[in-house]
Amino acid sequence: MSFVQRVREQVDRHGHGRSYTFVTDRRGELAESGRLTFTELDARARSIGAWLADRGMADRTALLLHPAGLEFLGAFLGCLYARVVAVPSPLPQTDPRALERAEKIIKDAGVRLVLTGSADLPVLGAWLREVGLDGTVECVATDALDLPDPDAWTEPEIGPGTLAYLQYTSGSTSEPRGVMITHANLLHNEREIWRAIGSPREGVGVGWLPHYHDMGLVGMLLQPVYAGGDLYFASPIAFVMRPALWLEMIGRYRAEYTVAPDFAYDWCATRVTDAQLAGLDLSGLRFALNGAEPVRTGTLRAMVRRFGAVGFSEKAWAPAYGMAEATLVITATPLGQGPLVRRFDAAALERHEAVPVTDPGPVPRVAPGPVPTADPGPVLTAAPGPVPVAGSAPDPAAGGERPEGRGVELVGCGRPISMSVRVVDPGSGAELPEGRIGELWVRGESVARGYWRREDATRDAFGGYTPAGEGPFLRTGDLGFLLDGELYVTGRIKDVVIVNGRNLYPQDLEEAARRVHPSLGAAAAFGVRAGDEHVVLVQEVRERGLDVPAGELARGVQGTLAGAFGLPSMSVALVERGGVGKTTSGKIQRSRTRELLLGGALPVVHAEFTAAVAARVRRGTGVRVPSLADARVSSEGA
Amino acid sequence: MSADTGAGAGADAVRGWLTARVASYVGRPPGEIDPLVPIARYGMDSVYSLGLCGDIEAEYGLQVEPTLTWEHPTVAAIADHLLGRLSANR
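Every value quoted in this text rests on a predicted model; they were computed, and no experiment measured them.

S.K.: A description of the environment of A:L231 should follow, citing residues and the corresponding values.
M.R.: Residues and elements named next belong to chain A. Inspection of the secondary structure assignment puts L231 in strand β10 (residues 230–233). We classify L231 as buried; it has 23 C-beta atoms within 10 Å. Those residues in contact with L231 that sit more than four places away from it in its chain are Y20, G205 and P224.

So, in C-alpha cells, the structure goes:
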C-alpha cells in the first residue's frame, strides 16, 4: 500500500462529498477563497503528476515553495503521484532567512526543480539568479503551467518503502537536515492520528498551521484525505494577525478537531477580544491537540477560563508528543480523556525519579488502560492553590510549573498509540523502570528511514540499541518518564530554545554573538523558563584592552541578537574567561553554564538581565538542575 | 470607531498608540521604546510583528501587508506610513 493508493481509495469513496476549503480573513470577516473536492484534488494531482513524469522527475527531489493554500496540496500530492520526492519549505513571507535556508536545502537535497505559485515566481526567479543557481535550478509556477489532462497520468510503481518526502527539521539554519519519510511512515502516522482523534467517520478539521512543518503537513493537511474528512484551513499569517479567525472557523464549520502548538492557544487566550468572544461557539470541538512544544498548564487553564463560557471544554484538551523523525505523532491523549496534570516531588525529580505528590484535594485523574467511564471531575479547574505566575518560576529542567511548596506540576502527553516508547539511560541504553527519568526512545512504523545523505547523524539518532541488542530505536534526545502508561516529557537533551513556537538553536545565537566584538570569546545560549521561555546568553569577555564599557558591549550583543533573531526578553551576561563550561574536547556545556549562572556561581563582569531572568538568578540556590543532560554532553565530548 | 479615530488621528496619537502596542508585546515600559530605533531591536519577532499588523487593521481599519515592519522598521516609520494612508483615505 502507498499513500497514493490510499488517497485514490478515498477519492473513489467520497468523490465530491468531501473537500478542502481555504479560508481567508477579509477585514475581520471569515471568507472562503477556494475549495477543492477530493475528485478535483485528485485531478489536479494527476495533472501535475503527469507533467512531472513527462519531465523525467521520478525519484528526483522537487522543492515546494508555495504560500499557504490549495495549490500546495495539489503540487505536493502531484509529486507523490509521480514518485517525485517532495521537499516543502517556507517562502520568505515573514522570515527573512527563509531563502537562505531554501538555498541550503537545494544544495543538500540536490534539488533541480522548484515549484511555486505564479505570485511568487518573479521574486524566486530573481533570487535564484542572485545566488547563482539559475543555471542549475528551474523554477515554475504550478498554477500557470499548461498541464496535461489528468488522464495522461499513469500510476508509477510505488511501494511502502518508497520515499514520499523530505521533512527538513526547522533546525539550525547552518545545517538543515532532511528527515526521509516513506509512504509506509506517512500511512502509519496518519492512522495513529486518526485513532487518537477517535477514528471519526466524517471528521471535520480546522487549522492554520504552516504546511512546511511536520505538524501542519501530517497533522493538519494530509489527515483529511487519508481519513476521508473535511478540512477548513487558513494561513498562519491570517491566524497570527487575528487569532479569533481560528476560533470562528471552529464554530462556523462545527470542527471536531484542531491541532496547534501551545503558544497558539496562549495567543488566543490573551488576544481574542471580548467582542470577538461573544460570537464564538466552541462546543463542537472534541479534540484540541497541543503539541510540538512543551505544554504549559498555564495555557491549559487560560483557555478554559477564557473560552469555557463559549463551549471550550477542558476535556477537549489533547496534549501530545512527537517529532519529524517519527513522521509526527508519538503519543497523544485519547479523545475524551482530557489532560492529565499531576504534581511531582521536586527533589525526587532532581534525582531523576518521578514521585507523585499526594494532594489533599481531589485525586488526580489516572487512566490506566481504557478511558474511565465515570467522570472523575475536572482536573484543571480543581487544582488547588494559586495559578502559577511568572514569579513562582517553573522548574526549567522539569519543564513543569512549580507553585511554591506544592511540588512540580507536569502535563502528561498521552500514551503511545501503537508504537513502542522506552525510557532508557542515555549513556548505556538500558531500559529504566516506570517512574524513572531517562531518554525517550521510540520504535515503530512511523519512525523515518533517517536523515537524507547524513549517515553519521542517522546512525546517532536512529540507531539506538539496548544492551540486550534490541533495536534500532529512534533516540529522541528528549528526557521524560512513563507513569501509569502516560508519558511525561521533562526536558531536552538537545538544547533547542523554543520562543513563540520557533526553535532557536544555541549554536546560531552563539556564533552571531561572537562576531559582535573582537574581545568576545566563547558563548553559551540557553533558555530559562520564567513564565515564558527567555533566552539567556553567557559570553566570555577579555577585559584587558577592552575599548568599550562592558555594559555597552552587553547591550550591543543584546541588540544584535534581538534584531537578527527577533528575540524578546533577551538577557546577556558577560563573564570572565573560563566562565562558559566546556568539555575536554571543547564542546560548550550549556546546561552546566546555565546551572552555574542561576546558582550565582559565575564570575559575571556585567549582566543585562530582563526582570524575569534576574528574579531567577537571585533565587539561585535550591534550583538545582538535573545533570543528566550534562552527562550526555560530557560523554559525547569525552 | 476605526474610521473616525483613524482619520482624526494626529502623528503624536498614532506614535503613542504604536509605542504602547510595541511595549506591551515586548514587555517593557512604553518610555523605553525609542520611536527611531528599529522595533526588532526590542525583540519584536515575526509573530509579534504580525500581531501588530492585526492590531493596526482593527484600530485604523487599514489593511496592511505582513511585511509592514520590514519595510517600516521603526515606530516613527510605521506611524508616517499609516498617517499617509489615513490622509489618502480621507
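S.K.: Tell me what's going on with the sheet that holds strand β12 (residues 287–290) of chain A, and back it up with residues and numbers.
M.R.: Residue and element names in this part refer to chain A. One open sheet holds the nine strands; their spatial order is β2-β1-β10-β9-β11-β12-β13-β14-β17, and the pairing between them is mixed. Of all the strands in the sheet, just β2 (29–37) and β17 (415–416) have a single pairing partner and so form its edges. Alignment of strand β1 (residues 19–26) against β10, held across three bridges, turns out to be parallel. Looking at the pairing, F22 lines up with F233 of β10. Where helix α7 (residues 214–221) meets the sheet, its contacts fall on β9 (204–207), β10, β11 (257–260) and β12, and the angle it forms with β11 comes to roughly 175 degrees. Those strands touched by helix α10 (residues 244–252) are β1, β2, β9, β10 and β11, and its axis lies near 60 degrees from that of β2.

S.K.: Give me the lowdown on the confidence of the model for chain A, citing residues and values where you can.
M.R.: When pLDDT is averaged along chain A, the result is 86; 86% of the residues meet or exceed 70. Residue range residues 619–638 of chain A is modelled with pLDDT below 50. Its contacts to residues more than four positions away, or to other chains, number 36 contacts.

S.K.: Which residues make up the pairing of strand β16 (residues 408–411) of chain A, and what values go with them?
M.R.: Residues and elements named next belong to chain A. Across the two faces of β16 the burial is the same, with V408 and L410 and E409 and V411 all buried. Judged from the four bridges that link them, strand β15 (residues 341–344) and β16 form a sheet pairing that is antiparallel. In the strand pairing of β16, R342 is matched with L410.

S.K.: Explain helix α13 (residues 297–307) of chain A residue by residue, including any values.
M.R.: Among all positions in α13(A), only A:T297, A:G298, A:T299, A:L300, A:M303, A:V304 and A:F307 are buried. For α13(A), the elements touching its buried residues are α11 (262–271), β13 (317–322), β15 and β16 of chain A.

S.K.: Please provide a residue-by-residue account of the sheet that holds strand β26 (residues 571–575) of chain A, values included.
M.R.: Within a sheet, neighbouring strands are paired by backbone hydrogen bonds and run either parallel or antiparallel to one another. Residues and elements named next belong to chain A. Reading across the sheet, the four strands line up as β24-β25-β26-β27 and stay open at both edges, with mixed pairing between neighbours. Each having just a single partner strand, β24 (520–530) and β27 (604–608) make up the two edges of the open sheet. Averaged over all adjacent pairs, the angle separating strand axes in this sheet is 20 degrees, with direction ignored. Where helix α17 (residues 550–565) meets the sheet, its contacts fall on β25 (532–541), β26 and β27, and the angle it forms with β27 comes to roughly 45 degrees.

S.K.: Pulling in residues and values, what's your account of unusual backbone geometry?
M.R.: All names here are of chain A. Cis geometry marks the peptide bond from G471 to P472, where omega comes out at 0 degrees. The topology assignment puts P472 in the loop between α15 (455–462) and β20 (474–483). Of note, the phi angle at D484 is positive, near 50 degrees, even though the residue is not glycine. On the secondary structure map, D484 appears in the loop between β20 and β21 (486–492). With 15 C-beta atoms packed within 10 Å, D484 lands in the partly exposed category.

The rules behind the values
Residues numbered from 1 in each chain as written. Chains lettered and ligands numbered in written order. Predicted model: local features only at pLDDT ≥ 70, side-chain atom pairs only at ≥ 80, totals over all residues. Helix = DSSP H or I, 4+ residues; strand = E, 2+ residues; numbered from the N terminus. Buried ≥ 20, exposed ≤ 12 C-beta atoms within 10 Å, placed from the backbone. Contact = placed C-beta atoms within 7 Å. Pairing = 2+ DSSP bridges. Axes fitted to C-alpha atoms, helices over the stretch in contact; angles between N-to-C directions. pLDDT = per-residue confidence, 0-100.

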